[in-house]
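Descriptive analysis of the structure
What follows is each chain in one-letter form.
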Amino acid sequence: MKWGLFGGTFDPIHMGHLRCAVEVREIFDLDRIIFIPAAQQPLKTDKKVTPFHHREQMVKLAVEANPPFSVSDIENLRGGKSYSIDTVKHFLTASPEGLELYFIMGQDAFQDIHRWKEWEQLLLLCNFIVVTRPGYEVRKFSDILPEYAAAQFHFDTDAGAFTGPTGGAIYFKRLTFLEISSTDIRNRTKNGQSILYLVPDSVRHYISENALYKDL
Ligand code: NAP
């Protein structure tokens, strides 16, 4: 069994996130992708974020027609800041034996990982899939991580990934990149512009019915 964990603020979820999840699932032959809306993204505590129940509901609407995709409310149930290490540990202990976990994230989030709680341990707990943006290429791991941490990982040509001392791998993948951002969607909504085709229709209707992003 191979599961992908896709954490995000998802304020709101959009076609870029969804297309990324579809391609990652195909490439890595994942059985499931679990979307995990953050209750309190630790690096966004100074930002105004839409209440969890709205963000969670939009993710549910976005994925409901695709059975391999599901949504977890674990970070809201746990309460407090949504540290990814706690989430990964939860899935490692609460899930079937032999399960392989792949944490999916964008390149910007990965480049900030050294600011995350217990990030060195997190990198050794599961596999990572880092979705890269056009024009970006990882030549040296030490460009991203502090030297002492980078030294633990070596590029394995067969795996096409950086592998570490516990066997977990960090894959960098270039996918079809849809240049869509949650910030842009919020701004368009606030300005009365259309967000047609940027988000699924169900999410667009939800935003309109609940008057989200009207007064940012
Ligand atoms: P977000 O803004 O909602 O984005 C979710 C993910 O989607 C990000 O990895 C982002 O990559 C990616 N993405 C955005 N636009 C995309 C597009 N057009 N196509 C493909 N992918 C796209 O979420 P976030 O606030 O960055 O949080 C990401 C995760 O990191 C969450 O699970 C959060 O809890 C976790 N986190 C943990 C800690 C910690 O444990 N201390 C600290 C910070 C964050 P980019 O980053 O490249 O935009």
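Residues numbered from 1 in each chain as written. Predicted model: local features only at pLDDT ≥ 70, side-chain atom pairs only at ≥ 80, totals over all residues. Heavy atoms only, no water.

**With respect to the overall build of the protein**
Cut-off, in case you're wondering: Helix and strand assignments follow DSSP, with helices taken as H or I runs no shorter than four residues and strands as E runs no shorter than two, numbered in order from the N terminus. Just to be clear, the radius of gyration here is over C-alpha atoms, and the globule rule we use is 2.2 Å times residues to the power 0.38. A simple rule labels every residue: compare its accessible area, found with a 1.4 Å probe on the protein chains alone, to the largest value its type can have, and call it buried under 20%, exposed over 50%, or partly exposed in between. Note on contacts: a residue pair qualifies if any of its non-hydrogen atoms lie within 4.5 Å across the two residues. All accessible areas in this document rest on Shrake-Rupley with a 1.4 Å probe, and a residue is counted as covered only by the protein chains that are shown. Only four residue types enter the charge count, namely Lys and Arg as positive and Asp and Glu as negative; His and the chain termini do not. A charge is said to be at NZ when it belongs to Lys, at CZ for Arg, at CG for Asp and at CD for Glu.
When you go through the protein residue by residue, the secondary structure sums to nine helices and eight strands. A compact globule built from 216 residues would reach a C-alpha radius of gyration of about 17 Å, and the protein, at 17 Å, matches this within 12%. Taking the principal axes of its C-alpha atoms as reference, the protein extends roughly 50 × 40 × 35 Å. By the burial criterion, 45% of the 216 residues in the protein qualify as buried. Expressed as a percentage of contacts within the protein between residues at least 6 apart in sequence, the contacts between residues at least 24 apart total 72%. Carbon and sulfur atoms make up 47% of the accessible area of the protein, which totals about 11,100 Å². For the protein, the centre of its 24 positive side-chain charges and the centre of its 27 negative side-chain charges are spaced 6 Å apart.

**Comments concerning the pairing of strand β1 (residues 2-8)**
Cut-off, in case you're wondering: The pairing criterion for strands is at least two bridges between them, as found by DSSP. Handedness of a crossover is defined as follows: orient the strands so they point away from the viewer, and if the path from the first strand over the helix to the second runs clockwise, the crossover is right-handed.
In terms of residue burial, β1 counts as a mostly covered element, since five of its seven residues are buried. Pairing of β1 with strand β4 (residues 100-106) involves five bridges; the strand directions are parallel. In the sheet register, L5 faces β4, and the bridge partner there is F103. Across six bridges, β1 lies against strand β2 (residues 32-37) in parallel orientation. The residue of β2 that forms the bridge with G7 is I36. Handedness of the crossover joining β1 and β2 through helix α1 (residues 15-28) is recorded here as right-handed.

**Regarding the site of the ligand**
Our working definition: One heavy atom within 4 Å of a molecule or strand makes the whole residue count as near it. Here a polar contact is taken to be a pair of N or O atoms separated by no more than 3.5 Å, where protein atoms must pair a possible hydrogen donor with a possible acceptor and residues adjacent in sequence count only if both atoms sit in side chains. Computed over the protein atoms alone on a 1 Å grid, cavities are sets of points where a 1.4 Å probe fits but cannot get out and pockets are open sets with protein on both sides within 12 Å along at least five of seven lines; a residue lines them when it has an atom within 4 Å of a point. Cavities and pockets are treated as containing a molecule whenever more than half of the molecule's atoms lie within 2 Å of their grid points. Residue polarity is assigned by list, with Asp, Glu, Lys and Arg as charged and Ala, Val, Leu, Ile, Met, Phe, Trp, Tyr, Cys and Pro as nonpolar; anything else, Gly included, falls into the polar class.
Lining the immediate environment of the ligand, one finds 28 residues, of which T9, K44, G106, A109 and L178 sit closest. A distance of 3.3 Å separates a nitrogen atom of the ligand from a polar atom in the backbone of K117. Contact between the ligand and R133: an oxygen atom at 2.9 Å from a side-chain N or O atom of the residue. For the ligand, the protein covers 91% of the area, taking 880 Å² as the surface of the free molecule. In a pocket analysis with a 2 Å cut-off to the grid points, the ligand is assigned to the largest pocket. The set of elements that each furnish at least two residues to the shell around the ligand consists of β1, α1, β4 and α5 (107-111). Partitioning the shell around the ligand into residue classes produces 13 nonpolar, eleven polar and four charged.

**Things to note about unusual backbone geometry**
Note: most peptide bonds trans; most residues except glycine with negative phi. Residue P12 is bonded to the preceding D11 through a cis peptide linkage, with omega at 0°. Mapped onto the elements, P12 comes out in the loop between β1 and α1. The backbone of D29 shows a phi angle near 55°, a positive value even though the residue is not glycine. Along the chain, the position of D29 falls in the loop between α1 and β2. A positive phi angle, near 50°, is found at E118, a position not held by glycine. Its location among the elements puts E118 in the loop between α5 and α6 (119-125).

**Points about the nonpolar core**
Operational definition: Throughout this description, the term nonpolar core refers to a set of buried Ala, Val, Leu, Ile, Met, Phe, Trp, Tyr and Cys residues connected via side-chain atoms within 4.5 Å.
Grouped together as the largest cluster of nonpolar side chains are 35 residues, with contacts concentrated most on I13, V24, I33 and F35. For this core, the secondary-structure elements that each account for two or more residues are α1, β2, α2 (52-63), β4, β5 (127-132), β8 (169-174) and α9 (201-209). The residues contacting I13, other than those within four sequence positions of it, are L18, F35, M58, V59, A62, V199 and V203. Counting 30 residues, the second largest nonpolar core, distinct from the first, contains W3, V88, L99 and W119.

**Describing the packing of α2 against α9**
Definition in use: Here the axes come from fitting lines to C-alpha atoms, over the contacting stretch only for helices, and the angles between their N-to-C directions go from 0 to 180 degrees. For classification, angles of less than 35 degrees are called roughly parallel, those exceeding 145 degrees roughly antiparallel, those between 65 and 115 degrees roughly perpendicular, and all remaining angles oblique. In this scheme the crossing of two helices becomes right-handed for a clockwise turn of the near helix relative to the far one and left-handed for an anticlockwise turn of less than a right angle.
Two elements in contact, α2 and α9, have axes whose closest approach is 8 Å; the angle formed by their N-to-C orientations is 155°. Judged by the inter-axis angle, α2 sits roughly antiparallel to α9. Remark: the crossing between α2 and α9 carries right-handed chirality. Across from H53, H54, Q57, M58, L61 and A62 in α2, the residues of α9 making contact are S202, V203, Y206 and I207. Looking at the contact of α2 with α9 residue by residue, the classes come out as six nonpolar, four polar and no charged.

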